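If you want the building blocks of each chain, they are given just below.
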Amino acid sequence: MKPTSSLPVSRRNFLKTTGCLTIGFPLLSSCWSATGEVPVQEDLPGSLRAYPKINAWLEVLDDGKVRVLTGKLELGQGIRTAVAQMAAEELYMEMDQVEVVVAETGRTPNEGYTAGSASVENSAIAVRYAAAAAREKLLALAAEKLSANPAQLQLKNGVVMEGNQQLTFAEILEGRQIEDEVRMPVRLKPKKEYRWVGKAVHRPDIETMIRGEQVYVQDLRFPGMVHARVVHPPAYEATLVKFEEEAVKEAVPDVLKVVANGSFLGVIAADEYQAIRAAEALRKQAQWSTPTALPSETSLQEHLQALPVTSEQVEDKGNTAPSDKGTTVKATYFKPYIMHGAIGPSCAVALYDNGKLDIWSHSQGVYPLREAIQKMLGLAIEQIHIKGVPGSGCYGHNGADDAAAEAALLAMAYPGKHVRLQWSREDEHGWEPYGSAMQMAMEAQLDAAGKIQHWRCTLWSDSHSTRPGGDPGNLVTAHYLEKPFPRQSAGYLGGGYRNSQPYYSIPNLRIDAHFFEGPLRVSSLRSLGAYANIFAIESFMDELAEKAGKDPLTFRLDHQEDPRAIAVIRKLQEMTKDQKTADHEGMGYAFSRYKNEDSYCAVAALVAVDTQNGGVRVKNMWAAIDAGEVINLDGIKNQTEGGMIQSASWTLKEEVQFDKQHVSSLDWNSYPMLRFSEVPSVEVAVIARPEEPPVGAGEAAQGPSSAAIANAVYRACGKRVRQLPIKPEKLI
Amino acid sequence: MKQSVTLNVNGQKHTITADPATPLLYILRNQLALNGPKYGCGLGQCGSCMVLVDGKATPSCLIPASSVQRNTIITLEGLVQKDGTLHPVQQAFVEEQTPQCGYCQNGMVISAVALLQENQDPEEEDIRQSLQPNLCRCGTQTRVIKAIRRAAASMNP
């Protein structure tokens, strides 16, 4: 344990007038400036730009503890702990002296979506600077109150001490909060004094989960709360022809209300099981028309290829005209639709009372959801309050927002009671927006020395974000209302070419993206297009290495100049150097830098292939990751371990199936994922870079994991699988 | 059609009035206000809703509550001792920082407790086989295995 930090503070007069928040470099005490850790940036970092006031991020409580407010939601990624670490560090407090409030409209900053591995970069960094600025202000005020020489002040566990006098933060503020704006530069705690940041700090919420305490939106209970289920249409394009409310009430007498609005159907009962029965009864007798059929007769890849597209040139560097010298290699890769597949289907609670609508939701963006629901319902924005409550891990845009919108519709139809809507497994599997199918056509030219001279990638994808973003047309239910809201746009297309540019030194490069509108509903799934693009790039790198007669890792290093990239690849080599492979086993490797500007991650996989039945067992996976400055060491490890396992499941098993009516992957038998007997043992090494900005780690491993497995399968059995998933029938 | 159902849950008898066909899960969560068992699929495919029925890890989403009135039911909450001390398996899950989102962990802990009652020192393969009914989407399985081995070591030093 480090000794108690005593915080040197100087220039009392200066503190008195400016509160220490605007200390310029020339005024710094030698002790601080000597650390060399004062940031030189002048712009406010992260989400402070939109919310510069300290009390937007941090409140001092009556007992002297602090409350941190983040606009991000805890999704299992540990953001609650990461922001608490930042505050505890800068305020010289214990972790249990910091509580955290997550995304809530009207309460926390509006930080958009909890997505894209950006929570640490934006929210945790904002909390770091707000807490540091708060500390300076608190010390300045304490010096005044104690008539003390600021240089003599000590700060420990939320108490400012001078001799035998002491003040808690609450006593310093006397019921006020710090409303000053953070102004750069802000003096940060020297990193060498860190107690929490960079360490494997335990997540306090884990024990509450393991005890079975109330954690999730699914666990909320209110007096008089009623239960709802929805009956989704049998197909995307279906419309409700008729249903008999009386027949449902006859079958299930406890039904409180059947709610119908256009083709939206729901039931409410006091008892959850009666709501389930009523929904079943309703489903049985409701009649629908389903005019448009899904293209289940042709192969998905062929169908998507024939769709009209809008196109975008992503990259055009050097001379991309084909040359007649060198060896040209071509290969086309494909990734099907895959689903988020939250273990707990979406859920929401809503209460409409006295013209006010309260919603509890595990949405990744409570503010944009509020705007979309407000427009859908025709309410004023101030009539709606949404509180973010953790749900089951979502891995992107799943049914959370839709369930919240549906709970709102039901609550409006049944005012005065908390209405809890729980989606069924079939609702979640059949109605969530999937990760788009993608095709990547690669072409490259090697010179005589085995170096890549030309690289060309043409990719096809649907949208990778149709989040509500304030548009009710992106709430699935809004399409079915009596007054429907059509989708306004295809959403964020850039996700399709995320990581389509290989992170290697290649002189001539051309990337083109073609966007289609496919048959299934799609949106953001963890890492967006990066998973498919890296699968293609890193599989292709192995194919090229073989053509060049090079070892796959040497070939990658031959095309790599970034020392951090080289370091993770070398680390991975070191981690796996003693691995031996038996017959029909193979080691595969892959590397990427997420978004080409965030975490570096190199992954290895050891697989065994049963050459009789084509079965693949991924026995072990290893990752070396550099996510810049480490905030929570164990958080990065856990995210990376999970990223490899989740990706192994996508890569080996997952493919959303549909028939001419609708999605037919409606449970865990028709959409299998890896089970315990099939899950690889995983190991992660983290390269800490305290001098670099911290970046998200939750989406770094998925892409390289897929290619590492495909490359290992090739080594094990000589079959190059370019169409995911790597199912047994492709190997025999 | 409602009737009186008596259940022995976490060492206490509870008599409630319910449709006797109601799956145990909904009684535990809604009538007894327990959070441990979670709704995951309602099909017995994922293990999120598991409880110990006479010591055996059992999905609670399909069995009618009225069919387990003579059995002893323990939920995740019931593993915690009266003084708040965690069961060694729960303690090991905390020490290994096993969960990410945590939604599936109820079933993992319940399956692990059942396994360790039958096999005090399970090999990795035994653990994998025993937890085959339990799905985790975050990918915490390697940590679950470590936690169970840690628990086994602490229970049988």
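Everything numeric here is computed off the predicted structure, so don't read it as measured data.

> Teacher, can you tell me more about the overall build of chain A here?
If you tally the helices and strands in chain A, you get 17 helices and 24 strands. Taking 732 residues into account, the globule formula puts the C-alpha radius of gyration at 27 Å, and chain A, at 28 Å, falls close to it. Taken over the C-alpha atoms alone, chain A extends approximately 80 × 80 × 45 Å along its principal axes. Taken across its 732 residues, chain A has 64% of its residues classed as buried. Taking all contacts inside chain A whose residues are at least 6 apart in sequence as the whole, residues at least 24 apart take part in 79%. For chain A, the accessible area works out to roughly 26000 Å², and carbon and sulfur atoms hold 47% of it. Where the 77 positive side-chain charges of chain A centre and where its 90 negative ones centre are 3 Å apart.

> Please explain unusual backbone geometry as it appears in this structure.
Residue and element names in this part refer to chain A. For the bond from M184 to P185, the omega torsion is -5°, close enough to zero to count as cis. Locating P185 in the fold gives a position in the loop between α5 (169-173) and α6 (204-211). Residue L724 is joined to P725 through a cis peptide bond whose omega torsion reads -5°. Even without being a glycine, E174 presents a positive backbone phi close to 50°. As for its position among the elements, E174 is in the loop between α5 and α6. Residue E174 is classed as exposed on the basis of its relative accessible area of 55%.

> What is the right way to look at the pairing of strand β18 (residues 438-446) of chain A in this model?
Every regular strand shows the same layout, with side chains that alternate between the two sheet faces. Residues and elements named next belong to chain A. The element β18 is largely enclosed, with a buried count of eight among its nine residues. Taken together, the nine bridges between strand β13 (residues 327-335) and β18 define a ladder with antiparallel strand orientation. Looking at the pairing, T327 lines up with L446 of β18. As judged from the nine bridges shared by β18 and strand β19 (residues 452-461), these two strands associate in the antiparallel manner. When the bridges of β19 are listed, A444 appears paired with W455.

> I tried to follow the packing of helix α10 (residues 366-377) of chain A against helix α11 (residues 400-413) of chain A on my own but got confused; where do I start?
Each pair of packed helices can be summarised by the angle the axes make with each other and by the distance between the axes. All names here are of chain A. Where α10 contacts α11, the axes come no closer than 11 Å and their chain directions differ by 40°. Between α10 and α11, the angle is such that the two are oblique. For α10 against α11, the interelement crossing comes out right-handed. Residues L369, I373, M376 and L377 of α10 lie in contact with α11, whose contacting residues are D401, A404, A405, A408, L409 and M412. For the contact of α10 with α11, the residue count by class is nine nonpolar, no polar and one charged.

> When you look at the nonpolar core in this model, what are you seeing that I'm missing?
Nonpolar side chains tend toward joint burial in soluble globular proteins. Counting residues in hydrophobic clusters, the biggest one holds 196 residues, and the most contacted among them are Y337(A), L357(A), I373(A), W455(A), V607(A), I709(A) and I726(A). Listed in part, the 62 residues of the second largest apolar core include A84(A), A88(A), V100(A) and V160(A).

> Can you help me understand the domain arrangement of chain B in this one?
A common way to express how large an interface is: the accessible area buried when the components associate. Residue and element names in this part refer to chain B. Segmentation of chain B into domains returns domain 1 (3-75) and domain 2 (88-155). The centre of domain 1, based on its C-alpha atoms, is set 21 Å off from the matching centre of domain 2. Buried area between domain 1 and domain 2, summed over both chains or domains, comes out near 1000 Å², and the portion from carbon and sulfur atoms is 59%. Scanning the region where domain 1 abuts domain 2 turns up zero salt bridges.

> Is there a simple way to explain the packing of helix α3 (residues 105-118) of chain B against helix α5 (residues 141-155) of chain B in this structure?
Residues and elements named next belong to chain B. In the contact formed by α3 and α5, the axes pass within 11 Å of each other and the chain directions differ by 40°. In terms of orientation, α3 lies oblique with respect to α5. Considering only the axes of α3 and α5, their crossing is right-handed. The segment α3 lies against α5, with Q105, M108, A112, L115 and L116 engaging V144, I148, A151, A152 and M155. Split into classes, the residues belonging to the contact of α3 with α5 amount to nine nonpolar, one polar and no charged.

> Quick question: what am I supposed to make of the pattern of salt bridges here?
Opposite charge on two side chains permits pairing when their charged atoms draw close. Residues and elements named next belong to chain A. Inspection of every chain in the model, using the stated rule, returns 46 salt bridges over all chains. As a salt-bridge pair, E629 and K191 come within 3.6 Å of each other at their nearest N and O atoms. On the criterion of sequence distance, the pair formed by E629 in the loop between β23 (616-626) and α16 (633-653) and K191 in the loop between α5 and α6 is long-range, its members being 438 residues apart. On the basis of relative accessibility, which here comes to 5%, the residue E629 falls in the buried class. Among the ionic pairs, R564 bridges to D626, the shortest N-O distance being 2.8 Å.

> Would you explain the sheet that holds strand β9 (residues 255-261) of chain A in this entry?
In a beta sheet, neighbouring strands are held together by backbone hydrogen bonds and run either parallel or antiparallel to one another. Residues and elements named next belong to chain A. With mixed pairing, the seven strands of this open sheet are ordered in space as β9-β10-β7-β17-β14-β15-β16. Both outer strands of the open sheet, β9 and β16 (384-388), are each paired with one neighbouring strand and no more. The average angle at which neighbouring strand axes cross in this sheet is 20°, direction not considered.

> How do you make sense of the interface of chain B and chain A when you look at a structure like this?
Contact residues are listed per partner, giving 61 residues for chain B and 67 residues for chain A. Considering only the surface of chain B that becomes buried against chain A, Q100(B), R128(B) and R137(B) emerge as the three largest contributors, covering 17% of it. The residue R137(B) makes a salt bridge to E654(A) at a minimum N-O spacing of 2.6 Å. Across the chain B-chain A interface, the total number found is 41 residue pairs in polar contact (both at pLDDT 80 or more). Elements that contribute at least two residues to the side of chain B that touches chain A include exactly α1 (24-31), α2 (88-95), α3, α4 (124-130) and α5 of chain B. It is α5(B) that provides the largest number of residues to the side of chain B that touches chain A, a total of five residues.

> Looking at this structure, how should I read the domain arrangement of chain A?
All names here are of chain A. Domain annotation for chain A reports domain 1 (12-196), domain 2 (222-290 + 340-431) and domain 3 (438-730). Each of domain 1 and domain 3 has a C-alpha centre, and these two points are 38 Å apart. Each side of the interface is counted separately: domain 1 has 17 residues, and domain 3 has 16 residues. On the domain 1 side of the contact with domain 3, Y113, S117 and E121 bury the most area, a combined 39% of that side's loss. In this structure, the connection of domain 1 to domain 3 is made through two salt bridges.

> How should I be thinking about the confidence of the model for chain A in this particular structure?
One rule of thumb: low pLDDT means the predicted coordinates there are not for detailed reading. The pLDDT averaged across chain A works out to 93; a share of 94% of its residues lies at or above 70. Contacts for the low-pLDDT stretch residues 1-40 of chain A, under 50 throughout, to residues beyond four places or in other chains number 85 contacts.

> When you look at the environment of H514(A) in this model, what are you seeing that I'm missing?
Residue and element names in this part refer to chain A. Note on placement: H514 falls in strand β20 (residues 508-515). With relative accessibility at 17%, the residue H514 sits in the buried group. At a separation of 2.6 Å, a polar atom in the side chain of H514 contacts the side chain of S311.

> Could you clarify how one ought to interpret the packing of aromatic side chains in this entry?
Aromatic ring pairs: the centre-centre distance and the angle between the two ring planes describe each pair. Residue and element names in this part refer to chain A. For the coordinates displayed, the defined rule picks out 12 aromatic pairs over all chains. Ring centres 6.3 Å apart and planes at 45° place the aromatic pair Y503 and F591 in the tilted group. With a gap of 88 residues between them, Y503 in the loop between β19 and β20 and F591 in strand β21 (residues 585-593) connect regions that are remote in the sequence. Taking relative accessible area as the criterion, F591 reaches 2% and is therefore assigned buried. Where Y503 meets Y600, the ring centres are 6.1 Å apart and the plane angle is 75°; that geometry is what we call edge-to-face. Separated by 97 residues along the polypeptide, Y503 in the loop between β19 and β20 and Y600 in strand β22 (residues 600-609) bring together distant segments of the chain. Taken together, Y333, W455, F535 and F540 form an aromatic cluster joined through their ring pairs. Note that K189 overlies the ring of Y92, its terminal NZ or CZ placed 4.1 Å from the centroid.

Rules used throughout
Residues numbered from 1 in each chain as written. Chains lettered and ligands numbered in written order. Predicted model: local features only at pLDDT ≥ 70, side-chain atom pairs only at ≥ 80, totals over all residues. Heavy atoms only, no water. Helix = DSSP H or I, 4+ residues; strand = E, 2+ residues; numbered from the N terminus. Rg over C-alpha atoms; globule rule 2.2 N^0.38 Å. Buried < 20%, exposed > 50% of the residue type's maximum accessible area, 1.4 Å probe, protein only. Contact = heavy atoms within 4.5 Å. Areas by Shrake-Rupley, 256 points an atom, 1.4 Å probe, with all protein chains shown as cover. Lys, Arg positive; Asp, Glu negative; His and termini not counted. Charge placed at Lys NZ, Arg CZ, Asp CG, Glu CD. Pairing = 2+ DSSP bridges. Axes fitted to C-alpha atoms, helices over the stretch in contact; angles between N-to-C directions. Parallel < 35°, antiparallel > 145°, perpendicular 65-115°, else oblique. Left-handed = near helix turned anticlockwise from the far one by under 90°. Nonpolar A, V, L, I, M, F, W, Y, C, P; charged D, E, K, R; others polar. Core = buried A, V, L, I, M, F, W, Y, C linked by side-chain atoms within 4.5 Å. Domains from an automatic or database assignment. Buried area = accessible area lost by both parts, 1.4 Å probe. Salt bridge = Lys/Arg side-chain N within 4 Å of Asp/Glu carboxyl O. Polar contact = N/O pair within 3.5 Å; in protein donor to acceptor, adjacent residues only side chain to side chain. pLDDT = per-residue confidence, 0-100. Phe/Tyr/Trp six-rings, centres within 6.5 Å; stacked < 30°, edge-to-face > 60°. Lys NZ or Arg CZ within 6 Å of the ring centre and 35° of its normal.

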